[in-house]
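Per-entry structural report
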Amino acid sequence: LTLSNSGDVAATSLAGAGLAALLTFKGGSYPGTGGAGSASLAASDSCTLNLTFSPTSVAVSTDTLDINYFDGAGSQTAQRALAGTGVAPANLSISDGPSYSFGTVAVGGTADKTFTISNTGDLLASALSGSGLVAPFTFKGGSYPGVGGSCGSNLASGSTCLIVVNYSPTAAGVHGDTISISYNNAITTVTSTRAVDGIANTPANLT
């Protein structure tokens, strides 16, 4: 915020007050980290105040910033009403949980599965990327989101997209792996996962 002195004498004894908990001066004290305010402000001069909103729940928060000062004749207070809305971060889920089985597939055969990724949060999920799969499991075609998939790098709140995973065993046995979708949820980088498994048997062989 910009704090301006429109009077003809300096304002002195400046101090910030009134803020608590969710709405605060950045760093905890006036004028806020990065702010240029001090204990006085010359006539016709201005300075900056840095505030932080750190919601802890999905709710609307309000507060009032008080700047107490001496105007040359007496104590005064300048005020600014503040408000902010806390919303849920982006949250991606992968369908077919808690684990998806490709079932039994012949060695040398192949099976595909299309998974749906849903963003149930209130904000955009960004920087999506797929990882975690190694042979015999891969994103179809070799890379995220898999051939036929529709997921990109972003997924809007309330939206869905598709990834396609392929199981192509080359040896008999039980196989397992985990699909990992990493993304930025508007706060930090997080990961959603889905376990997958499959059984590979030797093909039919008539003699």
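Above this note sits the structure.
An account of the accompanying structure is given in this report.

About the criteria used
Residues numbered from 1 in each chain as written. Predicted model: local features only at pLDDT ≥ 70, side-chain atom pairs only at ≥ 80, totals over all residues. Heavy atoms only, no water. Helix = DSSP H or I, 4+ residues; strand = E, 2+ residues; numbered from the N terminus. Rg over C-alpha atoms; globule rule 2.2 N^0.38 Å. Buried < 20%, exposed > 50% of the residue type's maximum accessible area, 1.4 Å probe, protein only. Phe/Tyr/Trp six-rings, centres within 6.5 Å; stacked < 30°, edge-to-face > 60°. Lys NZ or Arg CZ within 6 Å of the ring centre and 35° of its normal. Core = buried A, V, L, I, M, F, W, Y, C linked by side-chain atoms within 4.5 Å. Disulfide = S-S within 2.5 Å. Pairing = 2+ DSSP bridges. Axes fitted to C-alpha atoms, helices over the stretch in contact; angles between N-to-C directions. Salt bridge = Lys/Arg side-chain N within 4 Å of Asp/Glu carboxyl O.

1. Side note on the overall build of the protein
- Helices and strands together make up the secondary structure of the protein, namely 0 helices and 16 strands.
- For 207 residues, the compact-globule formula gives about 17 Å, and the C-alpha radius of gyration of the protein, at 29 Å, lies well above that figure.
- If you line up the protein on its principal axes, its C-alpha atoms span 110 × 25 × 25 Å.
- Counting the 207 residues in the protein, one finds 31% classified as buried.

2. Description of the packing of aromatic side chains
- Within the structure shown, the criterion is met by 7 aromatic pairs.
- Members of the aromatic cluster, joined through ring pairs, are Y100, F102, F115, F137 and Y167.
- The ring of F115 carries K113 above its face, with NZ or CZ at 5.8 Å from the centroid.

3. A look at the nonpolar core
- With 25 residues, the main nonpolar core has L92, I117, F139, I163, I179 and I181 as its most contacted residues.
- Only β9 (92-94), β10 (99-106), β11 (111-119), β13 (137-139), β14 (160-167), β15 (173-184) and β16 (189-201) provide two or more residues apiece to this core.
- Residue contributions to this core peak at 4 residues, all from β14.
- Formed by 13 residues, the second largest nonpolar core is a distinct cluster that contains L19, L23, L41 and I67.

4. Quick look at the state of the cysteines
- In the structure shown here, the tally under the stated rule is 1 disulfide.
- Each sulfur in the disulfide pair C151 and C161 lies 1.9 Å from the other. Because the torsion about its S-S bond is 90°, the bridge between C151 and C161 counts as right-handed. A residue pair is termed long-range when its members are at least 10 positions apart, and C151 in the loop between β13 and β14 and C161 in strand β14 qualify at 10 residues.

5. So, the sheet that holds β14
- In space, the 4 strands of this open sheet follow the order β9-β11-β14-β13, with antiparallel pairing throughout. The open sheet has two edge strands with one neighbour each: β9 and β13. Averaged over all pairs of adjacent strands, the angle between their axes in this sheet comes to 30°, without regard to strand direction.
- In this structure, β11 lies alongside β14, joined through 8 bridges in antiparallel fashion. Paired with T114 across the bridge in β14 is V164.

6. Brief notes about the pairing of β14
- Most of β14 is tucked away, with 6 of its 8 residues classed as buried.
- Taken together, the 3 bridges between β13 and β14 define a ladder with antiparallel strand orientation. Counterpart to T138 in the pairing with β14 is N166.

7. Some details on unusual backbone geometry
- Omega for the bond connecting A135 with P136 falls within 30 degrees of zero, at 15°, which places this linkage in the cis form.
- Cis geometry is adopted by the peptide bond preceding P145, which originates at Y144 and carries an omega value of 5°.
- Within the secondary structure layout, P145 lies in the loop between β13 and β14.
- Of note in the backbone geometry, A21 takes a positive phi value of approximately 55° without being a glycine.
- Inspection of the secondary structure assignment puts A21 in the loop between β2 (11-17) and β3 (23-25).
- A relative accessible area of 68% means that A21 is categorised as exposed.
- Here the phi dihedral of S44 falls at roughly 65°; this positive angle occurs in a residue that is not glycine.
- Tracing the sequence through the fold places S44 in the loop between β4 (40-41) and β5 (46-48).

8. Some thoughts on the pattern of salt bridges
- For the structure on display, the rule yields 2 salt bridges.
- Between K113 and D96 there is a salt bridge whose closest N-O contact spans 3.3 Å. Of this pair, K113 sits in strand β11 while D96 sits in the loop between β9 and β10, placing them 17 residues apart in sequence.
- Owing to a relative accessible area of 17%, K113 belongs among the buried residues under this scheme.

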